[in-house]
Amino acid sequence: MLRVGVMVSGGGTNLQAILDAIDAGKIRNASVEVVISNNPGAYGLERAKKHGIDAICISPKEFADREQFNEALVAKVDEYQLDLVVLAGFLVKIPQQMIDKYEHRIINIHPSLIPSFCGVGYYGLKVHEAALARGVKITGATVHYVDGGMDTGPILLQKAVEVKEGDTPTILQRRVMEEAEWVILPQAIDRIANP
Ligand code: GAR
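Along each chain, numbering runs from 1 in the same order as the chain's sequence is written. With pLDDT at 70 or above as the cut-off, local features in this predicted model cover only qualifying residues; side-chain atom pairs require 80 or more to be listed or tallied, and sums for whole chains, interfaces and linings still use all residues. Note that water and hydrogens are dropped before the side-chain values are worked out from all heavy atoms of the structure.

### Quick look at the overall build of the protein chain
Thinking step 1. Along its length, the protein chain carries six helices and seven strands.
Thinking step 2. Only runs of H or I of at least four residues qualify as helices and only runs of E of at least two qualify as strands under DSSP, and these elements are numbered from the N terminus. Scanning the protein chain from its N terminus toward the C terminus, one meets helices and strands in the order β-α-β-α-β-α-β-α-β-α-β-β-α.
Thinking step 3. Relative to a compact globule of 195 residues, whose C-alpha radius of gyration would be 16 Å, the protein chain shows 16 Å and is just as compact.
Thinking step 4. Taken along its principal axes, the extent of the C-alpha atoms in the protein chain is 50 × 40 × 30 Å.
Thinking step 5. To sort residues, take the accessible area from a 1.4 Å probe on protein chains only and compare it with the maximum for the residue type: under 20% means buried, over 50% means exposed, and anything in between is partly exposed. Looking at the 195 residues of the protein chain, the share that counts as buried comes to 49%.
Thinking step 6. Contacts are residue-level and defined by heavy atoms, with any inter-residue pair within 4.5 Å sufficient. Considering only residue pairs separated by 6 or more positions, the protein chain has 64% of its internal contacts joining residues 24 or more positions apart.
Thinking step 7. In these tables, accessible area is a Shrake-Rupley quantity obtained with a 1.4 Å probe, and a residue counts as shielded only by the protein chains included in the view. Accessible area of the protein chain: about 9,300 Å², with a carbon and sulfur share of 51%. Just to be clear, the radius of gyration here is over C-alpha atoms, and the globule rule we use is 2.2 Å times residues to the power 0.38.

Set out below in structure tokens:
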């Protein structure tokens with residue numbers, strides 16, 4: 001059984017897609033052991049609690065400096081003896097010591113077709129604003145392994161999504177989630193759990 005930890009900063013709809021896929025048997029041989037957030041108000045934490053999963057907040061504001069926050073984060077991940085860490089809308093830079101320790105064991109979902117609209121400053125709605133501003137006709141989502149860079153790790157899965165006439169960033173964000181993110185993130189976990 002693959003022991004999975006999910007890290008969230010916000011709504012946690014990708015977390016929900018993972019939990020639903022496990023319940024539906026679409027992700028086999030994996031269990032979510034813990035959900036960790038940097039944000040005490042993250043609805044993802046509530047989703048975890050409703051599912052009977054440990055929900056833990058580690059806020060940078062509780063620590064004297066970044067180094068102490070990073071150490072606490074890594075210590076918590078270590079404590080749960082995780083085989084896979086899933087960044088599902090986690091908007092904090094992963095400490096280098098964790099990337100080194102968990103090489104090929106951290107994956108991230110990004111709401112564009114990397115290498116478009118990714119890297120520093122591209123997260124959440126900003127990604128879709130940029131895609132619409134550029135006028136692309138196709139966008140999508142990417143699941144990739146996390147390395148020392150920003151959205152630079154090896155790509156696991158991608159899925160394309162059509163941009164439609166009259167899309168707003170919010171409408172496009174929702175379509176990318178429904179048609180791509182909530183599909184490929186569970187698929188990637190199932191693939192890792194069942195090589
Ligand atoms: C998702 O669209 C995810 O791809 C994005 O944040 C959103 C979180 O939504 N992540 C990034 O932009 C990472 N660079 P959720 O909390 O409802 O899953």
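### A look at the site of the ligand
Thinking step 1. Only heavy atoms are used to decide nearness, and a residue is near a molecule or strand if one of them lies within 4 Å of it. The immediate surroundings of the ligand are formed by 14 residues, with Gly-12, Thr-13, Asn-14, Gly-124 and Glu-181 found nearest.
Thinking step 2. Gly-11 is positioned with one of its backbone polar atoms (N or O) 3.4 Å from an oxygen atom of the ligand.
Thinking step 3. Interatomic distance of 3.2 Å between a side-chain N/O atom of His-110 and a nitrogen atom of the ligand.
Thinking step 4. Against a free-state accessible area of 450 Å², the protein chains account for coverage of 91% of the ligand.
Thinking step 5. Taken together, the elements giving at least two residues each to the shell around the ligand come down to helix H1 (13–23), strand E5 (106–110) and helix H6 (169–193).
Thinking step 6. Polarity classes work like this: nonpolar for Ala, Val, Leu, Ile, Met, Phe, Trp, Tyr, Cys and Pro, charged for Asp, Glu, Lys and Arg, and polar for all others, with Gly in that last group. Residues of the shell around the ligand, tallied by class, amount to five nonpolar, eight polar and one charged. Counting of polar contacts relies on pairs of N or O atoms within 3.5 Å, with two restrictions inside protein: one atom must be capable of donating a hydrogen and the other of accepting it, and residues adjacent in sequence are counted only when both atoms are side-chain atoms.

### Description of the pattern of salt bridges
Thinking step 1. Definition used for salt bridges: Asp or Glu carboxyl oxygen within 4 Å of a side-chain nitrogen of Lys or Arg. What the rule picks out here adds up to seven salt bridges.
Thinking step 2. Two residues, Asp-190 and Arg-28, come together in a salt bridge whose shortest N-O distance is 2.8 Å. You can see Asp-190 sitting in helix H6 and its partner Arg-28 sitting in the loop between H1 and strand E2 (30–37), a full 162 residues away along the chain.
Thinking step 3. Assessed through its relative accessible area of 43%, Arg-28 is described here as partly exposed.
Thinking step 4. A salt bridge links Arg-174 to Glu-178, with the shortest nitrogen-to-oxygen separation between them at 3.0 Å. Of this pair, Arg-174 and Glu-178 both sit in helix H6, four residues apart, which is roughly one turn of the helix.
Thinking step 5. Here Glu-178 falls in the partly exposed class, since its relative accessible area comes to 41%.

### Quick notes on the pairing of E5
Thinking step 1. Of all five residues in E5, five are buried, a share of seventy percent or more.
Thinking step 2. Burial along E5 is two-sided: the residues Ile-106, Asn-108 and His-110 and Ile-107 and Ile-109 are all buried.
Thinking step 3. Whether two strands pair comes down to DSSP finding at least two bridges between them. Where strand E4 (residues 84–87) meets E5, three bridges bridge the pair, whose relative direction is parallel. Within the sheet, the bridge partner assigned to Val-86 lies in E5 and is Ile-107.
Thinking step 4. Here E5 pairs with strand E6 (residues 138–145) via four bridges, running antiparallel. The residue bridging Ile-107 from the neighbouring strand is Tyr-145, located in E6.

### Here's the deal with the packing of H1 against H6
Thinking step 1. Between N-to-C directions, angles span 0 to 180 degrees; the directions come from axes that are lines fitted to C-alpha atoms, helices contributing only their stretch in contact. For the pair H1 and H6, the least separation of the axes is 9 Å and the interaxial angle reads 55°. Between H1 and H6, the interaxial angle falls into the category oblique. In this structure, the crossing between H1 and H6 has a hand that is right-handed. In this structure, H1 contributes Thr-13, Asn-14, Ala-17, Ile-18 and Ala-21 to the contact, and H6 contributes Met-177, Glu-181, Trp-182, Leu-185, Pro-186 and Ile-189.
Thinking step 2. Grouping the constituent residues of the contact of H1 with H6 by class yields eight nonpolar, two polar and one charged. Reported orientations rely on four angle classes, namely roughly parallel under 35 degrees, roughly antiparallel over 145, roughly perpendicular from 65 to 115, and oblique for the rest. The crossing is said to be left-handed when, going from far helix to near helix, the turn is anticlockwise and less than a right angle, and right-handed when the turn is clockwise.

### Topic: the sheet that holds strand E1 (residues 2–8)
One key point about sheets: their strands pair by backbone hydrogen bonds, in either a parallel or an antiparallel sense.
Thinking step 1. Strand order in this open sheet of seven strands is E3-E2-E1-E4-E5-E6-E7, and the pairing throughout is mixed. Each edge of the sheet is formed by a strand with only one pairing partner; in this case those strands are strand E3 (54–57) and strand E7 (155–162). Averaged over all pairs of adjacent strands, the angle between strand axes in this sheet comes to 20°, irrespective of strand direction.
Thinking step 2. Sheet contacts for helix H2 (residues 43–50): E1, E2 and E3; angle to E3, the most-contacted strand, approximately 155°.

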